[in-house]
Amino acid sequence: MIPLTGIDIQGYGKILFGQTIDEVCIVLGEPSIIFGSSYFYDELELRIDFKNNKVEFIECAYGPYCKKTIPIIYNEEVFKLESDKLISLLIKNNGDEVSEIESEHGYCFLNIN
C-alpha cells in the first residue's frame, strides 16, 4: 500500500486514488462482482469504491484473514502489528494530529485527510 496515494499490487500494477473505473479495469481486469459503486476482486481479496467514477477507497476485503493480498505499509505487514504499533507507525510517517472520534472503526489523520 502507498499511503495517501493508492496500492501497488505485485504482478498487476498501481491503483491510485482518483483513477477512473476504466483505468482500474485496464490494470486489474473486470471485477468479480460490482455492487453499486464498489468493485470486488475476489482473486485479490480487494474492494475498490468509486465516487464520481474515480477511486475513493481501497480495502483489503478480508482484513487480517487475507491470504492472497498482504497489505504492507512502510515495510511493515499491517495485520501483523498490534494496533498501537500501527498507529505509532502511521503517526511517525503521516503527522501526529489524530482524531479518535471513530476509533472503534478507524482513525482520521487530520492534517492529511
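Structure's up top.
Just so we're clear, the structure is a prediction, and the values are computed from it rather than from any experiment.

We now examine the overall build of the protein chain. Secondary structure summary: the protein chain contains two helices and ten strands in total. Reading the secondary structure of the protein chain in the N-to-C direction produces β-β-α-β-β-β-β-β-β-α-β-β. Counting over 113 residues, the protein chain shows a buried share of 33%. Put simply, of all contacts in the protein chain between residues at least 6 apart along the chain, 26% involve residues at least 24 apart. Surface accessibility of the protein chain: about 7,600 Å² in total, with carbon and sulfur atoms responsible for 50%.

It is worth spelling out the pairing of strand S1 (residues 6-9) at this point. Pairing analysis gives four bridges linking S1 to strand S2 (residues 13-16), with the strands arranged antiparallel. Bridging from a neighbouring strand, Ile9 pairs with Gly13 of S2. Counted along the chain from S1 to the antiparallel partner S2, the turn is three residues long, and its residue Gly11 has a positive phi close to 90 degrees.

Residues of helix H1 (residues 21-28) that are buried include every one of Ile21, Val24, Cys25 and Leu28, and no others. Each buried residue of H1 lies within a common arc of 100 degrees when the element is viewed along its axis, so the set occupies one face. In H1, the exposed positions that point more than 90 degrees away from the buried face belong to Asp22 and Ile26. Contacts from the buried residues of H1 go to S1, S2, strand S4 (38-41), strand S5 (46-51) and strand S6 (54-60).

Turning next to the pattern of salt bridges. By the definition in use, this model includes three salt bridges. Among the salt bridges present, the one from Arg47 reaches Glu59, with a minimum N-O distance of 2.6 Å. With Arg47 in strand S5 and Glu59 in strand S6, this residue pair connects regions lying twelve residues apart in the sequence. Residue classification places Arg47 among the buried residues on the basis of a relative accessible area of 19%. Here Glu59 falls in the partly exposed class, since its relative accessible area comes to 26%. Salt-bridge contacts for Lys80 lead to Glu77; the nearest nitrogen and oxygen are separated by 3.4 Å. Under the relative-accessibility criterion, Glu77 is labelled partly exposed at 31%.

Conventions we followed
- Residues numbered from 1 in each chain as written.
- Predicted model: local features only at pLDDT ≥ 70, side-chain atom pairs only at ≥ 80, totals over all residues.
- Heavy atoms only, no water.
- Helix = DSSP H or I, 4+ residues; strand = E, 2+ residues; numbered from the N terminus.
- Buried < 20%, exposed > 50% of the residue type's maximum accessible area, 1.4 Å probe, protein only.
- Contact = heavy atoms within 4.5 Å.
- Areas by Shrake-Rupley, 256 points an atom, 1.4 Å probe, with all protein chains shown as cover.
- Pairing = 2+ DSSP bridges.
- Arc of directions from axis to C-beta.
- Salt bridge = Lys/Arg side-chain N within 4 Å of Asp/Glu carboxyl O.

Function-wise, these values are silent; they only describe arrangement.
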